[in-house]
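Letter by letter, the chains look like this.
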Amino acid sequence: MLLEGKNIVIFGGSGAIGTAMAKAFVADGARVWLGARNDERLAAAADQVRAEGGMVETFTVDCLDEAHTQEAISALAARIGGIDVAINATSFLHDQGSHIDDLDLATFMSPVENFLTSLFNSSKAVVPHMGKRGQGVILTLSTPAGRTAPPGHLGYSVTCAGVEAFSRVLAAELGPRNIRVVCLGPHAISDAPQAGSYTGELFAPKASALGMTVEQWLGGGAQTTMLGRLPTLADVAQTAAFLVSDKARSMTAAYVNLTAGMIPE
């Protein structure tokens, strides 16, 4: 059992990635707490995990509210005896496709502010409760947009680059406190839209502009990889399970590129 006995908190736990990770983690022996803003979506995600025999609990948290996030995590940590792993899988709709001529400052800054505020607040809240039961791990999520130059992704690319920089510097700060920080960067996830991910809505305008369905558009994206396929939710979840386990105990400040071999343009 790769994660036996570990207390894992997933922010954005009601989304497709958070739910997939929860399923993988409980299968490997972890105790998982899913946090998000919407109680109905949280309950639905938890039901999916329990349907496969997993034990999971939920808590309400708004990662855009610093004080609320700290209060929610302090209460949770006091109840469960500490946090071993924290993952920020929160997501926010943002612009993809507009070039700078058609962007205003608010649209450009929207992903920067939302994703990085959520990541900062969740990380700050969990740090005091980690590294005492054993090595702590903070897993962050990015995409190849932070390391490539896709036109029309100005705000999101800057956001992803910011997440990666945040992860590296935080790893340097927290290493002496027995806490690792690793950033996982999957390409577009092939089955995420069918699982209810916000990416279905995000990708729809780009697919429509090409006269395609989202599924057809993702199929074209698969041809830009060396393996001729995109990663699945299960791929992301299983990779995350390894990264937060003790088998990866010497890995920190790392970026793990899960793209099935994205071919450079």
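Treat the numbers as computed from the prediction; the structure is a model and nothing was measured. (Residues numbered from 1 in each chain as written. Predicted model: local features only at pLDDT ≥ 70, side-chain atom pairs only at ≥ 80, totals over all residues. Heavy atoms only, no water.)

Student: Before we go on, may I ask you to explain the nonpolar core in this structure?
Tutor: Grouped together as the largest cluster of nonpolar side chains are 37 residues, with contacts concentrated most on I8, I10, M21, F25, V32 and L139. Residue contributions to this core peak at 7 residues, all from helix 1 (residues 16–27). Ignoring anything within four residues of it in the chain, the contact list for I10 reads G18, M21, A22, F25, V32, W33, L34, G35, I87 and A89. One finds F11, V61, C63 and M130 within the second-largest nonpolar core, a separate group that totals 23 residues. (Core = buried A, V, L, I, M, F, W, Y, C linked by side-chain atoms within 4.5 Å. Buried < 20%, exposed > 50% of the residue type's maximum accessible area, 1.4 Å probe, protein only. Helix = DSSP H or I, 4+ residues; strand = E, 2+ residues; numbered from the N terminus. Contact = heavy atoms within 4.5 Å.)

Student: Is there a simple way to explain the pairing of strand 6 (residues 179–186) in this structure?
Tutor: It is a general feature of regular strands that their side chains alternate between the two faces of the sheet. The buried fraction of strand 6 amounts to 8 of the 8 residues, a majority that puts the element mostly inside the structure. Across the two faces of strand 6 the burial is the same, with I179, V181, C183 and G185 and R180, V182, L184 and P186 all buried. Direction of pairing for strand 5 (residues 136–141) relative to strand 6: parallel, over a ladder of 6 bridges. Residue pairing for strand 6: L141 is matched across the bridge by L184. Once the chain exits strand 5 it traverses helix 5 (residues 154–174) before rejoining the sheet at strand 6, and the crossover so formed is right-handed. (Pairing = 2+ DSSP bridges. Right-handed = clockwise from strand over helix to strand, strands pointing away.)

Student: What should I look at first to understand the sheet that holds strand 1 (residues 7–11) in this one?
Tutor: In a beta sheet, neighbouring strands pair by backbone hydrogen bonds and run either parallel or antiparallel. Taken in spatial order, the 7 strands line up as 3-2-1-4-5-6-7 in an open sheet, and their pairing is parallel. Unpaired on one side and paired on the other, strand 3 (56–60) and strand 7 (254–258) mark the two borders of the sheet. Across the sheet, the mean angle from the axis of one strand to that of its neighbour is 20 degrees, orientation sign disregarded. Bridge analysis of strand 1 against strand 4 (residues 85–88) gives 4 bridges, and the strand direction is parallel. Bridge pairing in strand 4 links F11 to N88. Across the sheet, helix 4 (residues 105–126) lies against strand 1, strand 4 and strand 5, angled at about 170 degrees from strand 4, the strand it touches most. (Axes fitted to C-alpha atoms, helices over the stretch in contact; angles between N-to-C directions.)

Student: What exactly am I supposed to notice about helix 6 (residues 199–209) here?
Tutor: Quick reminder: α-helices carry 3.6 residues per turn. Residues three or four places apart thus point the same way. Every buried residue belonging to helix 6 is among T199, G200, L202, F203, K206 and A207, and all of these are buried. Seen end-on, helix 6 carries its buried residues on one side only, within an arc spanning 155 degrees. Opposite its buried face, helix 6 presents the exposed residues E201, S208 and A209, each directed more than 90 degrees away. G211 lies just past helix 6 and shows a positive phi near 70 degrees. (Arc of directions from axis to C-beta.)

Student: I would appreciate a short explanation of the packing of aromatic side chains in the present structure.
Tutor: If you walk through the whole model with that rule in mind, you get 4 aromatic pairs. Residues F203 and W217 carry aromatic rings whose centres are separated by 4.8 Å and whose planes lie at 40 degrees to one another, so their mutual orientation is tilted. Taken together, the residues F203 in helix 6 and W217 in helix 7 (residues 214–222) connect sequence positions 14 residues apart. Through a chain of ring-to-ring contacts, the aromatic side chains of F92, F115 and Y156 assemble into a single cluster. (Phe/Tyr/Trp six-rings, centres within 6.5 Å; stacked < 30°, edge-to-face > 60°.)

Student: Before we go on, may I ask you to explain the environment of M130 in this structure?
Tutor: Tracing the backbone shows M130 in the loop between helix 4 and strand 5. Each C-alpha atom of the pair M130 and I100 lies 41 Å from the other, and the pair is 30 residues apart in sequence. Every residue in contact with M130, bar those within four places of it in the chain, is listed here: I83, D84, V85, A86, G136, V137, I138 and I179.

Student: Looking at this model, I keep getting lost on unusual backbone geometry. Mind explaining?
Tutor: Apart from glycine, the bulk of residues carry a negative phi angle, and the bulk of peptide bonds sit in the trans form. At A253, a position not held by glycine, the phi torsion is positive, near 60 degrees. Relative to the helices and strands, A253 resides in the loop between helix 8 (233–243) and strand 7. Among the residues examined, A253 registers a relative accessible area of 39% and is labelled partly exposed. Positive phi values are uncommon outside glycine, yet A260 reaches one of about 60 degrees. Within the secondary structure, A260 sits in the segment after strand 7.

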